Amino acid sequence: MSAFAVVILPDAEAEARAAFHWYLERSPLAAHAFRTELFAMIDDLTNNAAMWPEHADGVRCVTLQHYPYTVRHLE
């Protein structure tokens, strides 16, 4: 199984950064947990994208378990 290349779009990076700072203002522990979960999902999609369901538009995505954000993998 080969890994996929990851390109994080500028808008997605800005949204993730804003979410991290939002959580950080409220709880440093939650902010770091958000970042850890986000990076783990990105790594998981990079290495195992085919395991996630593919939508009709060719996008594979997974929602973070503890935060209301989705990581999308574009084919």
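The structure presented is a predicted model; accordingly, all values stated were derived computationally and were not measured. (Residues numbered from 1 in each chain as written. Predicted model: local features only at pLDDT ≥ 70, side-chain atom pairs only at ≥ 80, totals over all residues. Heavy atoms only, no water.)

Asker: How should the overall build of the chain be read in this particular structure?
Answerer: In terms of regular secondary structure, the chain is built from 2 helices and 2 strands. In terms of principal-axis extent, the alpha carbons of the chain reach across some 40 × 20 × 20 Å. Out of the 75 residues in the chain, the part that is buried amounts to 29%. Expressed as a percentage of contacts within the chain between residues at least 6 apart in sequence, the contacts between residues at least 24 apart total 41%. Here the chain displays about 5400 Å² of accessible surface, and carbon together with sulfur accounts for 59% of that area. Placing the 5 positive and 10 negative side-chain charges of the chain at their respective mean positions leaves the two points 6 Å apart. (Helix = DSSP H or I, 4+ residues; strand = E, 2+ residues; numbered from the N terminus. Buried < 20%, exposed > 50% of the residue type's maximum accessible area, 1.4 Å probe, protein only. Contact = heavy atoms within 4.5 Å. Areas by Shrake-Rupley, 256 points an atom, 1.4 Å probe, with all protein chains shown as cover. Lys, Arg positive; Asp, Glu negative; His and termini not counted. Charge placed at Lys NZ, Arg CZ, Asp CG, Glu CD.)

Asker: I tried to follow the environment of glycine 58 on my own but got confused; where do I start?
Answerer: Positionally, glycine 58 belongs in the loop between α2 (28–48) and β1 (59–63). In this structure, the C-alpha to C-alpha distance between glycine 58 and phenylalanine 20, residues 38 residues apart in sequence, is 28 Å.

Asker: I keep staring at the environment of arginine 60 and nothing clicks. Help me out?
Answerer: In this fold, arginine 60 is placed in strand β1. Owing to a relative accessible area of 12%, arginine 60 belongs among the buried residues under this scheme. A C-alpha to C-alpha distance of 20 Å links arginine 60 and threonine 36, two positions 24 residues apart in sequence.

Asker: What's the story with the nonpolar core in this structure? I'm lost.
Answerer: Formed by 14 residues in total, the largest nonpolar core has its most connected members in Tyr23, Phe34, Leu38, Val62, Leu64 and Val71. Put simply, the parts of the chain that give this core at least two residues each are α1 (10–26) and α2. Top element by residues in this core is α2. It accounts for 6 residues. Once you skip the residues sitting within four places of it in the chain, valine 62 turns out to touch Met41, Leu45, Trp52, Tyr69, Thr70 and Val71. (Core = buried A, V, L, I, M, F, W, Y, C linked by side-chain atoms within 4.5 Å.)

Asker: Would you explain the packing of aromatic side chains in this entry?
Answerer: Aromatic ring pairs are described here by two measures, namely the spacing of the ring centres and the angle between the planes. The tally for this structure, following the rule as stated, stands at 5 aromatic pairs. With 5.0 Å between their ring centres and 75 degrees between their planes, tyrosine 23 and tyrosine 67 make a pair best called edge-to-face. Of the two residues, tyrosine 23 sits in helix α1 while tyrosine 67 sits in the loop between β1 and β2 (70–74), which places them 44 residues apart along the sequence. Across this residue pair, the class does not change: tyrosine 23 and tyrosine 67 are buried. Ring centres of phenylalanine 34 and tyrosine 67 lie 5.3 Å apart, and the angle between their planes is 75 degrees; on these two criteria the pair is classed as edge-to-face. Of the two residues, phenylalanine 34 is situated in helix α2 and tyrosine 67 in the loop between β1 and β2; the sequence distance between them amounts to 33 residues. Like tyrosine 67, phenylalanine 34 is buried. (Phe/Tyr/Trp six-rings, centres within 6.5 Å; stacked < 30°, edge-to-face > 60°.)

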